[in-house]
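So you can see what is in the structure, the chains are spelled out below.
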Amino acid sequence: MYLGVDEAGKGPVLGPMVAAAVLADPADLPADVDDSKRIAPSRREAIDAAVREADAVAVGVAFVEPAEIDRPDTDMNTLTVRGQARAVRAALDAGVVADLVDPADPVRVVADAGDTSEARFARRLGEFVADGDTAGDDAPDHPAVDVSAAHGADEDDPVVGAASVVAKVARDERMAAIDADYPAYDAIGSGYPSDPATRDFLRAYVDDHGEVPDCARRSWATCDDVLAAAEQSGLDEF
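Caption draft 1: Structural view of the overall build of the protein. Along its length, the protein carries nine helices and five strands. When the helices and strands of the protein are listed from N to C terminus, the series reads β-β-α-β-α-α-α-β-α-β-α-α-α-α. For the protein, whose C-alpha radius of gyration is 19 Å, the value lies close to the compact-globule estimate of 18 Å for 238 residues. When the 238 residues of the protein are sorted by exposure, 48% land in the buried category. About 11,000 Å² of surface is accessible on the protein, with carbon and sulfur atoms providing 48% of the total. Separation between the mean location of the 21 positive side-chain charges and that of the 50 negative ones in the protein comes to 3 Å.

Caption draft 2: Molecular detail of the pairing of strand S2 (residues 17-24). With eight of its eight residues buried, S2 lies for the most part within the structure. Here strand S1 (residues 2-8) pairs with S2 via seven bridges, running antiparallel. Along S2, the bridge assignment pairs valine 5 with alanine 21. Bridge count for S2 against strand S3 (residues 58-64) is seven bridges, and the pairing is antiparallel. Considered in S3, the bridge of valine 18 is made with phenylalanine 63.

Caption draft 3: Up close: the packing of helix H1 (residues 41-53) against helix H7 (residues 158-180). Two elements in contact, H1 and H7, have axes whose closest approach is 9 Å; the angle formed by their N-to-C orientations is 110 degrees. As summarised for this structure, H1 and H7 are arranged roughly perpendicular, according to the angle between their axes. Between H1 and H7 the crossing geometry is left-handed. Here Arg44, Glu45, Ile47, Asp48, Val51 and Arg52 of H1 come into contact with H7, specifically with Ala162, Val165, Val166, Lys168, Val169 and Asp172. Classifying every residue of the contact of H1 with H7 by side-chain character gives six nonpolar, no polar and six charged.

Caption draft 4: Summary view of the sheet that holds strand S5 (residues 145-150). Reading across the sheet, the five strands line up as S3-S2-S1-S4-S5 and stay open at both edges, with mixed pairing between neighbours. Each edge of the open sheet carries a strand with a single partner, namely S3 and S5. If you compare each strand with its neighbour and ignore which way they point, the axes differ by 20 degrees on average. Sitting on the sheet, helix H5 (residues 118-131) touches S1, strand S4 (107-112) and S5, and the angle it makes with S5 is about 150 degrees.

Caption draft 5: Focus on the pattern of salt bridges. This structure, assessed with the given rule, holds 18 salt bridges. Here arginine 38 makes a salt bridge to aspartate 34, at a shortest N to O gap of 3.0 Å. Residue classification places aspartate 34 among the buried positions, given a relative accessible area of 18%. Residues joined by salt bridges that share partners form a network here, namely Asp34, Arg38 and Glu155.

Caption draft 6: Representation of the confidence of the model for the protein in the model. Predicted confidence across the protein gives a mean pLDDT of 91, with 93% of residues reaching 70 or more. Helix H9 (residues 221-236) is the least confidently modelled element of the protein, averaging 76 in pLDDT, while S2 averages 98, the highest of any element. Of the regions scoring below 50 in pLDDT, residues 234-238 engages in zero contacts with residues more than four places distant in sequence or in other chains.

Criteria and cut-off values
- Residues numbered from 1 in each chain as written.
- Predicted model: local features only at pLDDT ≥ 70, side-chain atom pairs only at ≥ 80, totals over all residues.
- Heavy atoms only, no water.
- Helix = DSSP H or I, 4+ residues; strand = E, 2+ residues; numbered from the N terminus.
- Rg over C-alpha atoms; globule rule 2.2 N^0.38 Å.
- Buried < 20%, exposed > 50% of the residue type's maximum accessible area, 1.4 Å probe, protein only.
- Areas by Shrake-Rupley, 256 points an atom, 1.4 Å probe, with all protein chains shown as cover.
- Lys, Arg positive; Asp, Glu negative; His and termini not counted.
- Charge placed at Lys NZ, Arg CZ, Asp CG, Glu CD.
- Pairing = 2+ DSSP bridges.
- Axes fitted to C-alpha atoms, helices over the stretch in contact; angles between N-to-C directions.
- Parallel < 35°, antiparallel > 145°, perpendicular 65-115°, else oblique.
- Left-handed = near helix turned anticlockwise from the far one by under 90°.
- Contact = heavy atoms within 4.5 Å.
- Nonpolar A, V, L, I, M, F, W, Y, C, P; charged D, E, K, R; others polar.
- Salt bridge = Lys/Arg side-chain N within 4 Å of Asp/Glu carboxyl O.
- pLDDT = per-residue confidence, 0-100.

Printed below as a string of structure tokens:
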């Protein structure tokens, strides 16, 4: 038994990045668990439900909201480490953990590396889990961890794959809730800059309000492009 951790939504212009951690024996997971990008949405939801309902599995989820992503004193690598660390701590804080691990032994953690250097990502994740992070979290009271990280771990490791699925389903649910917050507009889409529905929503919102919505990552270039286009359109009217 060990803990896998991954995140979803690193690149979108709308909505949060979501990290998830799953503590499990691979034998207790659905046989077809995989990187969430390689699983159909309906099957992702079924796997997510099976993981969450299993007795001998602990799950932790953490959201990194647009306001935190837009802070000038951080970067995406740090945000990824921070989100994953919060998810790991949430999983380790689950009530079932005491029955799953020996508190005297470090919990093995396998992470999908969010840095070009796998070793650096593993080191930083271990430090954030052990000491809390810069967002004001208190130092946690949970078992020690032994962290490794690898690129493509969500494809190669079933427990990290399960975390990938949980993170993706949680983000999809949040995006559906965000969509419901803007009933005056057509669907907001996936939130990715390449999605025409997302770009149409941003353009329409900026046309109406002169600013991007709260769900947008204001520091993303896509927002700058939409705001600049709206300003130019206004100037052209004179």
